[in-house]
Amino acid sequence: MGRERRLEGVGRRYGARGPWVLRGVGLSVPPGALIRVEGANGTGKSTLLRLLAGLDAPTEGRVTGRPRTAYVPERFPGALPFTPAGYLRHLGAVHGLSRARAARAADVWLERFGAAAHARTPMRRLSKGSSQKVAVAQALLADPELLVLDEAWTGLDAAARAELERAVAERTADGGAVVFVDHDPRRLAGAPVAVHVVRDGALHRRTGQPAPAPGPRATVEVQGPPGAALPAGVLRLAASAAETAPGRHRLSVPATRSDVVLRALLTAAPPWHVVSVRPPADPESPR
Ligand SMILES: Nc1ncnc2c1ncn2[C@@H]1O[C@H](COP(=O)(O)OP(=O)(O)OP(=O)(O)O)[C@@H](O)[C@H]1O
């Protein structure tokens, strides 16, 4: 239990006589998991995400585990009587941050998503895109152990979309779990995503080889503290890792994740020594 959210034999229908939207669904979301939920329109993806986020209760079956959870809904109620800075500080306090930490986290996330200029604009006057940045910032504010994203990329500009991908990689490198729905099949394609498909009210794990991470890869040589295993977060993000000498590892890392991997190595306790980083364009990069 603990930080792992689990659905066991979960069914949900709306109203006593409504059709079953989901039935017999089992799913474990362990720390560090990255799970994509797919399915045709109206099959129950949002229903599943609300159950995982703990915002809805199943009609039958059990939901267990109590990770600190954050959620970005498909439709964020943008017209709230707050400014983004005020709203995020308020939510930070709800998540248990001190006032000072909540204010700092609000500033950091608005800045990262390119919305700092709107920090003090009433939310009802924000564009849809800026409002979505606030929706995403509120979920990341307190480093959730489980992050549930329902089409959270929709409406964001390209820079903010990339920033949200980076934030997801940081959460999983840090041992957080992320479950998401997104209409773009390439979303987070460079990361080791487990795919589950909702069909006919049931959840099916898509099996088979995960597609190789598309895009260029960097090669990172690291030297670890004697006897140390690579941090789990690094292993999750690397496309491959090989120990080439005692304590020396060569990692192949999707270029879009290399900054997150380096940060995870350098902030590990004790930290790892990064011997070299070869960018993807280097013709000597092993393939
Ligand atoms: N609050 C609700 N009350 C009644 N019916 C609901 C409610 N929420 C969802 N439903 C119904 O449950 C079914 C699944 O809806 P859900 O939103 O979970 O699917 P989805 O796969 O996320 O859809 P989409 O791809 O359109 O976002 C639909 O038939 C929908 O009408």
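The preceding data block contains the structure.
These numbers were taken from a predicted model, which means no experiment stands behind them. (Residues numbered from 1 in each chain as written. Predicted model: local features only at pLDDT ≥ 70, side-chain atom pairs only at ≥ 80, totals over all residues.)

From N to C terminus, the chain includes seven helices and 13 strands. Taking 287 residues into account, the globule formula puts the C-alpha radius of gyration at 19 Å, and the chain, at 20 Å, falls close to it. Here the C-alpha coordinates of the chain stretch approximately 65 × 45 × 35 Å along the principal axes. By the burial criterion, 38% of the 287 residues in the chain qualify as buried. Long-range contacts, defined as pairs at least 24 residues apart, comprise 71% of the intrachain contacts of the chain with a sequence gap of at least 6. (Helix = DSSP H or I, 4+ residues; strand = E, 2+ residues; numbered from the N terminus. Rg over C-alpha atoms; globule rule 2.2 N^0.38 Å. Buried ≥ 20, exposed ≤ 12 C-beta atoms within 10 Å, placed from the backbone. Contact = placed C-beta atoms within 7 Å.)

Turning next to the environment of proline 122. Positionally, proline 122 belongs in the loop between helix 3 (99–112) and helix 4 (128–140). Residue class for proline 122 comes out partly exposed when judged on the 14 C-beta atoms lying within 10 Å of it. Each C-alpha atom of the pair proline 122 and phenylalanine 82 lies 5.8 Å from the other, and the pair is 40 residues apart in sequence.

On to the environment of phenylalanine 113. You can see phenylalanine 113 is positioned in the loop between helix 3 and helix 4. Considered as a pair, phenylalanine 113 and valine 134 are 21 residues apart in the sequence and their alpha carbons are 8.6 Å apart.

All right, on to the sheet that holds strand 4 (residues 60–64) then. Strand order in the open sheet formed by three strands is 2-1-4, with antiparallel pairing between adjacent strands. In the strand order of this sheet, the two ends are held by strand 2 (20–29) and strand 4, each with one partner. Across the sheet, the mean angle from the axis of one strand to that of its neighbour is 15°, orientation sign disregarded. As judged from the six bridges shared by strand 1 (residues 5–13) and strand 2, these two strands associate in the antiparallel manner. Of the residues in strand 2, the one forming a bridge with leucine 7 is leucine 27. (Pairing = 2+ DSSP bridges. Axes fitted to C-alpha atoms, helices over the stretch in contact; angles between N-to-C directions.)

By nearness alone, every residue bordering the ligand is listed as Tyr14, Val21, Gly39, Asn41, Gly42, Thr43, Gly44, Lys45, Ser46, Thr47 and Glu74. If you tally residues by element for the shell around the ligand, the top one is helix 1 (residues 45–53), at three residues. Grouping the amino acids of the shell around the ligand by side-chain chemistry returns two nonpolar, seven polar and two charged. (Near = placed C-beta within 6 Å. Nonpolar A, V, L, I, M, F, W, Y, C, P; charged D, E, K, R; others polar.)

If you look at the biggest cluster of nonpolar residues, it comprises 73 residues, and the most contacted ones within it are Trp109, Val136, Ala137, Val148, Val179, Leu237 and Val261. Other than its neighbours up to four places away in sequence, valine 136 contacts Val72, Phe113, Ala152 and Leu164. (Core = buried A, V, L, I, M, F, W, Y, C linked by C-beta atoms within 7 Å.)

Between helix 2 (residues 84–94) and helix 4, the shortest axis-to-axis distance is 10 Å and the interhelical angle comes to 20°. Between helix 2 and helix 4, the angle is such that the two are roughly parallel. For the element pair helix 2 and helix 4, the recorded crossing hand is right-handed. Residues Pro84, Tyr87, Leu88 and Leu91 of helix 2 form the contact with helix 4, whose participating residues are Val134, Ala137 and Gln138. When the residues that make up the contact of helix 2 with helix 4 are grouped by side-chain class, the tally is six nonpolar, one polar and no charged. (Parallel < 35°, antiparallel > 145°, perpendicular 65-115°, else oblique. Left-handed = near helix turned anticlockwise from the far one by under 90°.)

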